[in-house]
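Each chain, letter by letter, is given below.
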Amino acid sequence: MRTIAVLVLKDARRRLAAPAAILVSLAIPLALAGTMALAFGHLGGGSPAPPKLDLVIVDLDGGPLSEFLAGAGSNARAAEYLTTTIAKTPEEGLALMREESRHAMLVIPEGFTNDVLEGRPVTLKLVKNPSARVMPIIAQQGLEVVGLYGSVAARFLPEGGAERVRGLLDGKGWDDAAGVAALLADVYTRVTRSEDILFPPIIKVDEAEDTAQEEKEGTHSFDFLSWMYPGLIVMALLFVSLNQMKDLLSEQEAGTLRRQLAGPVTASQVLIAKILSTAGTVTVSLALLLAIGTLFFGMHWSHPVPLAAASIALVFAATGFGALVYSIARTQGQGDTIGTIVVMLMSLIGGAFLPPSVLPGGLEIVSRFTFNYWGNETLRSLSAGGSWPELGAHLPALATMAVVFTLAGTFLLKQRHLRGAL
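Below is a short write-up of the structure.

Rules of the game
Residues numbered from 1 in each chain as written. Predicted model: local features only at pLDDT ≥ 70, side-chain atom pairs only at ≥ 80, totals over all residues. Heavy atoms only, no water. Pairing = 2+ DSSP bridges. Helix = DSSP H or I, 4+ residues; strand = E, 2+ residues; numbered from the N terminus. Axes fitted to C-alpha atoms, helices over the stretch in contact; angles between N-to-C directions. Expected span 1.5 Å × (residues − 1). Buried < 20%, exposed > 50% of the residue type's maximum accessible area, 1.4 Å probe, protein only. Contact = heavy atoms within 4.5 Å. Core = buried A, V, L, I, M, F, W, Y, C linked by side-chain atoms within 4.5 Å.

1. Considering the sheet that holds strand S3 (residues 104-108)
Across the sheet, which stays open at both edges, the 4 strands sit in the order S2-S1-S3-S4 with mixed pairing between neighbours. Strands with a single pairing partner mark the edges of an open sheet, and in this sheet they are strand S2 (82-87) and strand S4 (125-128). Neighbouring strand axes in the sheet, compared pairwise and without regard to direction, differ in orientation by 25° on average. The pairing of S3 with S4 spans 4 bridges and is classified as antiparallel. Residue pairing across strands places Val107 opposite Lys125, the latter belonging to S4.

Right under this line is the structure:
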């Protein structure tokens, strides 16, 4: 036991002297989390504010339909996601985009209202700010939806109905009850003729509210970063484990492993010490990632005892995975390649970036055989306030993987040593 402790301390001193490998392993997942936090305004915790589309509108028409379109941002619901600024000319709108970093500019052409009511083709011009990445695309897709609905609505107007609708939009003709009724009857007739095409809808959305749950927990919006961060933690732990277990092949190539085995040290002691020292590094990395999640990303890890149990299972499962990879890889480069490919595939299929439920049926089943799936779900349950009941099958699955990976990795490494390949 004393020999193993000495070997573990030796590895710890070597890693503290050159911590770059650990920092690089943690840097990529933390950079992804930081990017998501900046994109969704979630640094420092709290509920993230939804990103707003900042749109400049140039109304060259001045008609009722263009004024309706330009005033969309005044709607209380729309104002949560849309900010509009009115410019008199396209030149003024371009200046606002360049100086105040607006996402896009919508130009409503002259004659827009008349053309729509008369059923003539009309083109809305959208100028996208190239310095913005996502929001201009959202503006384009939203405008395409508006164009589609507007086109369909215009086709339901009867012949001669354009003038009456234009008058109604201008506030005239409302005293002619018979004329308004006749217009509505014509529109209704046209809609009912299209009933076989329009109804029933193929896709239906059924909406319900769990008022009891809202009273119990309050109103919560989906927090994508809080959902994604546990997956980044698991991915980071796997990379740290791979980087640390690679040290075994480094010592082999440098000859230090051979010198150790020439002394009063057995191969089993060296392998156990290597796994324990790697587990220690993974443990420190996990503690650091949990602390960063709490301090900078508003994560909450409740119930310390279940968290400690889950952490032990995570640490040894990740460590065992690293041992398993380097029991197969013949060189450091081969281990890096195999390990990186497997970790990224397991992260993708296991739900680090997308819920496994959105994957095709076969892949969703495969995801349940990955370490990432169970690690992600365990940490997500804990960050949502879960305790022993919520962990369900997650913790036993993680513990099983920890035992299987560690024993298999140790056995295969020992067999490799007996063959003279280590």
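2. Quick notes on helix H11 (residues 224-245)
The terminal C-alpha atoms of H11, which comprises 22 residues, lie 32 Å apart, in line with the 32 Å expected from a rise of 1.5 Å per residue. The buried count for H11 comes to 20 of 22 residues, which makes it a mostly enclosed element.

3. So, the side chain of Thr278
Positionally, Thr278 belongs in helix H14 (residues 267-296). With residues up to four places along the chain from it excluded, the contact list for Thr278 reads Arg15, Ser241, Gln244, Met245 and Thr319.

4. Some details on the side chain of Thr85
Among the structural elements, Thr85 can be located in strand S2. Look at Thr85 and you get buried, because its relative accessible area is 19%. Among residues more than four places away in sequence, those in contact with Thr85 are Asp54, Leu55, Val56, Ile57, Leu96 and Arg102.

5. Considering the nonpolar core
Formed by 64 residues in total, the largest nonpolar core has its most connected members in Tyr229, Ile233, Leu237, Phe297, Trp301, Phe321 and Phe371. Per-element accounting of this core gives the leading share, 15 residues, to H11.

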